[in-house]
Amino acid sequence: MAGVSLRFVLDPELTPALRAQIVALWVDVTNAGGAVGFVAPVAAAEVRPMAEAAFAEIADGPDRLLVGYEGDRPVAILIFCDNRFHLKRHYQVLKRVMVHPDTQGRGYGVALMREAERLGREWGLAALHVTVRGGLGLESFYDRLGYREVGRLPGALRLAPGDDRDEIFMWLDLDGPAA
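Cut-offs used in this document
Residues numbered from 1 in each chain as written. Predicted model: local features only at pLDDT ≥ 70, side-chain atom pairs only at ≥ 80, totals over all residues. Heavy atoms only, no water. Salt bridge = Lys/Arg side-chain N within 4 Å of Asp/Glu carboxyl O. Helix = DSSP H or I, 4+ residues; strand = E, 2+ residues; numbered from the N terminus. Pairing = 2+ DSSP bridges. Core = buried A, V, L, I, M, F, W, Y, C linked by side-chain atoms within 4.5 Å. Buried < 20%, exposed > 50% of the residue type's maximum accessible area, 1.4 Å probe, protein only. Contact = heavy atoms within 4.5 Å. Expected span 1.5 Å × (residues − 1). Phe/Tyr/Trp six-rings, centres within 6.5 Å; stacked < 30°, edge-to-face > 60°.

Moving on, we get to the pattern of salt bridges. Counting across every chain of the model gives 17 salt bridges. Close ionic contact of R73 with D102 constitutes a salt bridge, the shortest N to O distance being 3.1 Å. Residue R73 is located in strand β3 (residues 73–81), and its partner D102 is located in the loop between β4 (91–99) and α3 (108–122); the two are separated by 29 residues in the primary sequence. For E117, the salt bridge identified is with R121, shortest N-O distance 3.1 Å. Taken together, the residues E117 and R121, both in helix α3 and four residues apart, mark about one turn of the helix.

So, in structure tokens, the structure goes:
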């Protein structure tokens, strides 16, 4: 992955500045067509309540934040979400996986997911799970990274009247060798 110049920070301090940067990233990703919990167009005022709830679960535990920085600018993030159920402690769910649209094509998405995989293995997790919105071809990105589709809820996501999308469940086994 030559040329990828991301610096990763796990569990950075959630300062007011970083919170604002993450909300801005979330807005930019959504408005560029990204599937991160909203439908474009969206404004910071709409994203902020969901972001603040996520920040609380990170600050107070048990969730963890991974941020990829280009220089001092956060351009890639994901959240490791604990399943909050003792029979599911062996894997975690990756949520809010996003890379800033103006950095697309630089390999940052792959680098972010590879770092998540590395951490998952380091923590002794058996697997990582991510859900994706159908209709955008996102499953092919995860497929190339070794994830496999393990389920699909047809029409589970209603973006607008008459625009229902599948929710696709992707799974990466971490028990085997690294990809």
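Back to the text.
Turning our attention to the pairing of strand β6 (residues 148–160). With eight bridges joining them, β6 and strand β7 (residues 163–173) adopt antiparallel strand pairing. Looking across to β7, one finds that R158 is bridged to D164.

A few words on the nonpolar core. Formed by 27 residues in total, the largest nonpolar core has its most connected members in L14, I22, W26, V47, L65, I77 and M98. Tallying contributions element by element places helix α1 (residues 16–31) first for this core, with seven residues. If we skip the residues at most four places from it in the chain, L65 touches V9, L10, D11, P12, L14, I22, I58, I77, L78 and I79. One finds L66, V75, F80 and L128 within the second-largest nonpolar core, a separate group that totals 25 residues.

Regular strands have side chains that alternate between both faces of the sheet. The buried fraction of strand β5 (residues 127–133) is high, at six of seven residues. Pairing of β4 with β5 involves four bridges; the strand directions are parallel. When the bridges of β5 are listed, Y91 appears paired with A127. Here β5 pairs with β7 via seven bridges, running antiparallel. Within β7, the position partnered with H129 by the bridge is W171.

In this section: unusual backbone geometry. Here the bond from A40 into P41 is cis, since omega is 0 degrees, no more than 30 degrees from zero. Position of P41 relative to the elements: it lies in the loop between α1 and α2 (44–59). In this structure, P62 follows G61 across a cis peptide bond, with omega equal to 15 degrees. Considering the arrangement of structural elements, one finds P62 in the loop between α2 and β2 (64–70). Positive phi, close to 60 degrees, is recorded for R84, a residue that is not glycine. Relative to the assigned elements, R84 resides in the loop between β3 and β4.

When the terminal C-alpha atoms of α3 are compared, their 21 Å separation across 15 residues agrees well with the 21 Å that a helix rising 1.5 Å per residue should span. Regarding α3, the residues found buried are Y108, G109, A111, L112, M113, E115, A116, E117, L119 and G120. Downstream of α3 by a residue or two, G124 has a phi angle that is positive, lying close to 80 degrees.

This paragraph deals with the environment of F8. Inspection of the secondary structure puts F8 in strand β1 (residues 7–10). Sequence separation of F8 and L66 is 58 residues, and the distance between their C-alpha atoms is 6.9 Å.

This part is about the packing of aromatic side chains. Throughout the structure, instances matching the rule amount to five aromatic pairs. Aromatic pair F80 and W123: ring centres 4.7 Å apart, planes at 65 degrees, arrangement edge-to-face. Here F80, found in strand β3, pairs with W123, found in the loop between α3 and β5; they are 43 residues apart in sequence, far enough to count as distant. Overall, F80 belongs to the buried group, its relative accessible area being 0%. Owing to a relative accessible area of 26%, W123 belongs among the partly exposed residues under this scheme. Cluster of aromatic residues (ring-pair linked, three or more members): F141, Y142 and Y147.

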